[in-house]
Amino acid sequence: MTNVVSPQALQAERTSPTSPMMRVLAIVGAVVSVVAPLLPWVTFVLNDGAYPDKSTLQFFDAPFELTGFRWELLLLAVLAVIASVFRIPAQRRVLRGLGVGIAAIGVIHFLFITGHGGGLGAVTAADGAFAFGSVAAIVGGVLLVVATVGRAMEDVPVWRTDIPAPLAYLALLVSFGALLFLVSMTLTAGGQGGAANPYAGAIFLSFLGFAAGLLAALSGVGALKWISTLSEQHRWFSILVLVICAFGLPFTDAGTEYWMTVATNVGIYAATAIGLNIVVGLSGLLDLGYVAFLGIGAFVAANLSGAAATKFHIELPFILVVVISALVAGIFGAVVGSPTLRVRGDYLAIVTLAFGEMFQLSARNNIGGLTGGSNAIPNIPQLEGFGTKFNEPIDLFGAKLPGGVIYYFLIVLLVGLVMAVFANLKNSRIGRAWIAIREDEDAARAMGIKTGQAKILAFLCGAILAGIAGAVFAHKTSTVGYESFQFMASVTLLAAVILGGMGSIPGAVLGASLLFVLPEKLREFADYRLLIFGVALILIMRFRPHGLIPDRHRRAELVGEDTSGHSLDEVAEVRIEEAEAEEVKAR
Amino acid sequence: MSTLLQQLVNGAILGGTIGLIALGYTMVYGIVQLINFAHGEVFMVGAFGALATFTWVIPEGVKGTWYITLPLMVIAGAVISALLAVLMERLAYRPLRNAPRLAPLITALGVSVTLKEAVRLFYPGATKPIPFPNVFLTGSIDLGGIVVAKTGLLIIVVSLVLTTLLQLYINRSRMGRAMRATAQDPDVARLMGINPDRTIVLTFALGAVLAGVAGVLYGSHISNISTDIGFQNGIFAFTAAVLGGIGSIRGAVIGGFVIGFVKTLSGQYLPGGTQYDYVWIFVVLILVLVFRPQGLFGETERVRA
């Protein structure tokens, strides 16, 4: 046993409040954090221009006029003051979350400013001036985190979910509205990356730190769990509201052509990732060539679009094209899945990788004149409907919406549809069969599940979803070539599923969003993108193998916890000791 | 006829390289049941390590003397690969020893991407293929119309010799017995006084040494290296290991030669030519896995999770 604390003592610690000394430490940390955004952050104007948000010493004429990252920091810090002064439930969890967020903002800006300003002088002293903002934020954040060390984290409080339906609807509306606001802010935070805006990456990362701190605090007090339980109870209402919220995105700050394109691409990959989630997350069949199905869907759609570069010059209605793409991808899915009848585990991963590579090589060599080879298939016509081309700007409800917005609406509908299909599949008989196969294939077979059929069906469903996404992809990007469907794309999709949390729908969407938005935001680090990606894969597997939003059962399986988050060993020990106590009493 | 023989020789040269890499896959999989995706990158790093040694360490005066240069480069490649493999095992894989099987596999993908990118970004000039020195062993031998490059001959000989040595080491030595015992049952092996951690690290290191040697020989045969050589040859080598029966030493090398032959012969005789020769390797892989999952020389299938 590495853990010397007895389970009862641990239980007592979980319910006990933070010790007075630690609370003082937390209050000090919170106050330092409040001061941090009011201090200057940079001692001189950097080469690339003034650091945003008036935080450069020369521009520091109005410290209380906070915007941007300093405003975010102040919000976290004020929350930390409240959380440390008052005795709130799960105080340590909340404080830790806020502390990590505050420290993250501090560290990101500290590193960035010193990196850009040529050393420590940029944040400490130059010409007798001091700019300790980022240092204060780091100190405050670290103090907050340190204040939570020493005693075990409390249980996440469970909120009542048996509230009347109208109240639940209201709560869901408010929280999804807040989610929309958060998504819009995330997209636009720091603005477009690139040469014109050298600080975009840092501002965006610090926004992510802010969002992570806020969400960690919310999840600490049990609000996130409450919302997710409520949304499970009112599944159809939630999906409806989510889709409406997603439709609202173009009406926010993110409503420019650029962000619509990014959001549409994210949507396509999110739909594909949800499809992959069926295969990997639910059925536990590792697929390393999954992007091939997206490719097959895209090439089928391209060939049936009437583009000049294709062989047949056929143009079919889009709905029909989607159906055909889905069917063809599905057939290939069943073919790729058929070795699962005999091959298991790691070997299956290799078979799928082999299929993926075969597809990629065939596409590269322009097999049968269908894929355009290295020339790709260019000039796929834009979809048309509602009296406009889909890439044109439109007027809706008196609002001017940017180009590409119809594709965005289309992909939102698609992702909503895919989510609904996935959620229903997961709770259906076949979904439970998949999960049973994932847990123990032999036991599942013994329980009367036709494992062969179920596994091929998993591949088929996953491939169909990817095929549909591929059809939209072809028209949206208007050029389809083999380069979009290489091994790294498969790995990225897999990483999206794992990062988000295997078997979880919001996880897959979140994972896809992060992995496909980050490269857009971090243009200036473009060269290091894959390196960061590889290191991140290793670290995630090491420290959070169950992903950011784990599926409860999946998490239980991966980290040996029960569904409410307690370690199985501890639970067993408590039970044994309770049983022993009973026995003593009986005597 | 001479075309066929020539292609067979070419296949054998490729097969020798792949076989050397496959040994690492087969040993590691045999002992920890992990497809070490990063093993192909270890091969690549070995080649780059040897190149770095040639460029910056070996004095200008002796660069042309093959019996000094070549051993030094081989040793450098092997040592760098082995160090890398030990680090990799210690930092990435060992913490996940008891994790579910998906986790280390994904870690291995991550390690593979990281290594490739690290070399591409930090080795000067590695963004495109770099010429690899082969001044020390040039020319070729003419065997009645069939041309065999001397470096190619070296690859075939070295791969056969090293395989025999490895086979002897694993079958006869004390450490080899420990490796076999750990592969069979790590818990019982521990009871018998074997340190499984040390045995596993040694397995990784041995595989990496072979891959490093293969990297140097491959580089001097092809006479240029790029960061892409790791992934592709790694996949082929894994195919060879599976084909030969995972866990089997001679199986891995024979599998390597079979893959080499399949690639060159299908490039020559099958429709599509060299554009599709990779596809045929994958076809062979899938067929083998479906119809003979234990491989050509593997033991009959054990129950796997």
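Quantities reported herein were computed from a predicted structural model and do not represent experimental measurements.

(A) Inspection of the overall build of chain B at higher detail. The helix and strand inventory of chain B stands at 11 helices and 4 strands. Taken over C-alpha atoms, the radius of gyration comes to 19 Å for chain B, in line with the 19 Å a tight globule of 305 residues would show. For the C-alpha atoms alone, the extent of chain B along its principal axes is close to 55 × 45 × 35 Å.

(B) Structural context of the overall build of chain A. A tally of regular secondary structure across chain A gives 22 helices and 6 strands. Sequence separation of 24 or more characterises 77% of the internal contacts of chain A that already satisfy a separation of 6 or more.

(C) Examining the packing of helix H5 (residues 150-172) of chain B against helix H6 (residues 174-184) of chain B more closely. Residue and element names in this part refer to chain B. Contact geometry of H5 with H6 gives a least axis separation of 5 Å together with a crossing angle of 75°. Classified by the angle between their axes, H5 and H6 sit roughly perpendicular to one another. Of the residues in H6, those in contact with Tyr-169, Ile-170, Asn-171 and Arg-172 of H5 are Gly-176, Met-179 and Arg-180. In terms of residue class, the contact of H5 with H6 is made up of 3 nonpolar, 2 polar and 2 charged.

(D) Summary view of the interface of chain B and chain A. With 34 residues of chain B at the interface, the matching set in chain A holds 32 residues. Looking at the side of chain B that touches chain A, the elements that each hand over two or more residues are helix H4 (102-122), helix H9 (229-244) and helix H11 (277-291) of chain B.

(E) Spotlight on the packing of H9(B) against H11(B). Residue and element names in this part refer to chain B. With their axes 10 Å apart at the nearest point, H9 and H11 run at an angle of 30° to one another. Judged on the interaxial angle alone, H11 and H9 are roughly parallel. Judged by the twist between their axes, the crossing of H9 over H11 is left-handed. Judged by residue contacts, Phe-236, Thr-239, Val-242 and Leu-243 of H9 engage Ile-281, Leu-285, Val-288 and Leu-289 from H11.

(F) Up close: H4(B). Between the first and last C-alpha of H4(B) there are 30 Å, a value that for 21 residues agrees with the 30 Å anticipated at 1.5 Å per step. Extensive coverage of H4(B) is indicated by the burial of 17 of its 21 residues.

(G) Highlighting helix H18 (residues 487-500) of chain A. Across its 14 residues, H18(A) extends 20 Å between first and last C-alpha, which sits within 8% of the 20 Å expected from 1.5 Å per residue. Judged by how many residues are buried, H18(A) sits mostly within the fold: 12 of 14 residues are covered. Along H18(A), the residues that are buried comprise A:Ala489, A:Ser490, A:Val491, A:Thr492, A:Leu493, A:Leu494, A:Ala495, A:Ala496, A:Val497, A:Ile498, A:Leu499 and A:Gly500. Structurally, H18(A) contributes buried residues whose contacts are with helix H10 (257-282), helix H11 (291-303), helix H13 (345-364), helix H19 (505-521) and helix H20 (529-543) of chain A together with H4 of chain B. Following H18(A) by one or two positions, A:Gly501 has its phi on the positive side, about 120°.

(H) Focus on the pairing of strand E3 (residues 146-149) of chain B. Residue and element names in this part refer to chain B. Both strand E2 (residues 140-143) and E3 contribute to a ladder of 4 bridges, which runs antiparallel. Across the sheet, the residue bridging to Ser-140 is Ala-149, located in E3. Hairpin connection, E2 to E3: the antiparallel pair is bridged by 2 residues, and Gly-144 has positive phi, about 55°.

(I) Here's a closer look at unusual backbone geometry. For A:Ser478, which is not glycine, the phi dihedral falls at a positive 65°. Within the fold, A:Ser478 resides in the loop between helix H17 (451-477) and H18. The phi angle at B:Gln33 is positive, at roughly 50°, despite the residue not being glycine. Mapped onto the secondary structure, B:Gln33 falls in the loop between helix H1 (2-32) and helix H2 (39-57). A residue is classified by how many C-beta atoms lie within 10 Å of it, and B:Gln33, with 16 of them, is partly exposed.

(J) Quick peek at the confidence of the model for chain B. Residue and element names in this part refer to chain B. Averaged over all residues, the pLDDT of chain B is 86; the fraction at 70 or higher stands at 96%. Low pLDDT (under 50) marks residues 300-305, which in the prediction has 7 contacts with non-local residues, meaning those over four places away or in another chain. Here the complex is predicted with pTM 0.81, and the ipTM for its interfaces comes to 0.86.

The rules we used
Residues numbered from 1 in each chain as written. Chains lettered and ligands numbered in written order. Predicted model: local features only at pLDDT ≥ 70, side-chain atom pairs only at ≥ 80, totals over all residues. Helix = DSSP H or I, 4+ residues; strand = E, 2+ residues; numbered from the N terminus. Rg over C-alpha atoms; globule rule 2.2 N^0.38 Å. Contact = placed C-beta atoms within 7 Å. Axes fitted to C-alpha atoms, helices over the stretch in contact; angles between N-to-C directions. Parallel < 35°, antiparallel > 145°, perpendicular 65-115°, else oblique. Nonpolar A, V, L, I, M, F, W, Y, C, P; charged D, E, K, R; others polar. Left-handed = near helix turned anticlockwise from the far one by under 90°. Expected span 1.5 Å × (residues − 1). Buried ≥ 20, exposed ≤ 12 C-beta atoms within 10 Å, placed from the backbone. Pairing = 2+ DSSP bridges. pLDDT = per-residue confidence, 0-100.

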